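Survey of secondary and tertiary structure
Each chain, letter by letter, is given below.
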Amino acid sequence: VTPTPLVFGDTRDAVRNSRLDIRDREIDTLETLSTLEASALLAALQVQLAAESLVFAESGADLADEALRAPRIRFERGAANERELREAEASNIQAGNFVRTAQDGLLLARDNLINLTGRAIVPMQIPELPIPDGVALSVQRAALGIERAEVSIDGVERDLYPVASIGYDYNFDDESSL
């Protein structure tokens, strides 16, 4: 058993390093939470954008359907040629492809949001992330690096000083001592 009633020397350095490790993990936690919050906000905005894109794509498909009717009628009556009809049909197919692409984009955006938040419900008013106040986490991490360097310097400087060691053995008998 080696009692250490006073915390100094290497023991003090170990305690300081442990405290610095705790602070480092706290900064990691804050950085992770900040990243997740920003990712969740971005995912919610992507869901909104994908939903709006789907609405516009569906409107475009409806307009393409309407635009296809006129060349068909004109073609049936002999007023339009096959090229005009094919171009209108190609535009209609392209509009349908835009709708499917927008639907896939919405599903993907919802999946991303579910992966981050556990649900795909986007609030009507998406909150804004507050601007962080205080010292930036990267600056705090740099300060931790400085403190770790100071702990190392203290240990090296201690090696320059002479060390005295006192010990006492008390013999109870030939086989036992303290």
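To be clear, the structure that these remarks concern was listed above.
Here's a quick rundown of the structure.

Cut-offs used in this document
Residues numbered from 1 in each chain as written. Predicted model: local features only at pLDDT ≥ 70, side-chain atom pairs only at ≥ 80, totals over all residues. Heavy atoms only, no water. Helix = DSSP H or I, 4+ residues; strand = E, 2+ residues; numbered from the N terminus. Rg over C-alpha atoms; globule rule 2.2 N^0.38 Å. Buried < 20%, exposed > 50% of the residue type's maximum accessible area, 1.4 Å probe, protein only. Salt bridge = Lys/Arg side-chain N within 4 Å of Asp/Glu carboxyl O. Contact = heavy atoms within 4.5 Å. Phe/Tyr/Trp six-rings, centres within 6.5 Å; stacked < 30°, edge-to-face > 60°. Axes fitted to C-alpha atoms, helices over the stretch in contact; angles between N-to-C directions. Parallel < 35°, antiparallel > 145°, perpendicular 65-115°, else oblique.

1. Topic: the overall build of the protein chain
Tallying secondary structure elements over the protein chain gives three helices and zero strands in all. Put simply, the protein chain runs from its N terminus to its C terminus through helices and strands in the order α-α-α. Against the globule reference of 16 Å for 178 residues, the protein chain gives a C-alpha radius of gyration of 36 Å, more extended than a compact globule. With respect to the principal axes defined by its C-alpha atoms, the protein chain has extents near 125 × 40 × 30 Å. Expressed as a percentage of the 178 residues in the protein chain, the buried residues total 18%.

2. Brief notes about the pattern of salt bridges
Evaluated as defined, the whole model comprises 16 salt bridges. In this structure, the salt-bridge partner of Arg12 is Asp154, at a minimum N-O distance of 3.5 Å. Of the two residues, Arg12 sits in helix 1 (residues 9-76) while Asp154 sits in helix 3 (residues 137-158), which places them 142 residues apart along the sequence. Under the relative-accessibility criterion, Arg12 is labelled partly exposed at 32%. A relative accessible area of 22% means that Asp154 is categorised as partly exposed. Among the salt bridges present, the one from Asp21 reaches Arg148, with a minimum N-O distance of 2.9 Å. Of this pair, Asp21 sits in helix 1 while Arg148 is found in helix 3, placing the two residues 127 residues apart along the sequence. Taking relative accessible area as the criterion, Arg148 reaches 25% and is therefore assigned partly exposed.

3. Here's the deal with the environment of Leu144
If you trace the backbone, Leu144 turns up in helix 3. The class of Leu144 is buried, set by a relative accessible area of 6%. Linking Leu144 and Asn17, residues 127 residues apart in sequence, is a C-alpha distance of 9.7 Å.

4. Observations regarding the environment of Val99
By secondary structure assignment, the location of Val99 is in helix 2 (residues 82-117). The spatial distance from the C-alpha of Val99 to the C-alpha of Val163 is 80 Å, given a sequence separation of 64 residues. Apart from residues lying up to four places away in sequence, Val99 is in contact with Leu54, Ala57, Glu58 and Ala61.

5. A closer look at the packing of aromatic side chains
The geometry of two aromatic rings is summed up by the distance between their centres and the angle between their planes. Tallied over the entire structure, the rule returns one aromatic pair. Each ring, one from Tyr170 and one from Phe172, has its centre 5.0 Å from the other, and the planes form 85°; the classification is edge-to-face.

6. Comments concerning the packing of helix 1 against helix 3
For the pair helix 1 and helix 3, the least separation of the axes is 10 Å and the interaxial angle reads 170°. Taken together, the axes of helix 1 and helix 3 lie roughly antiparallel to each other.

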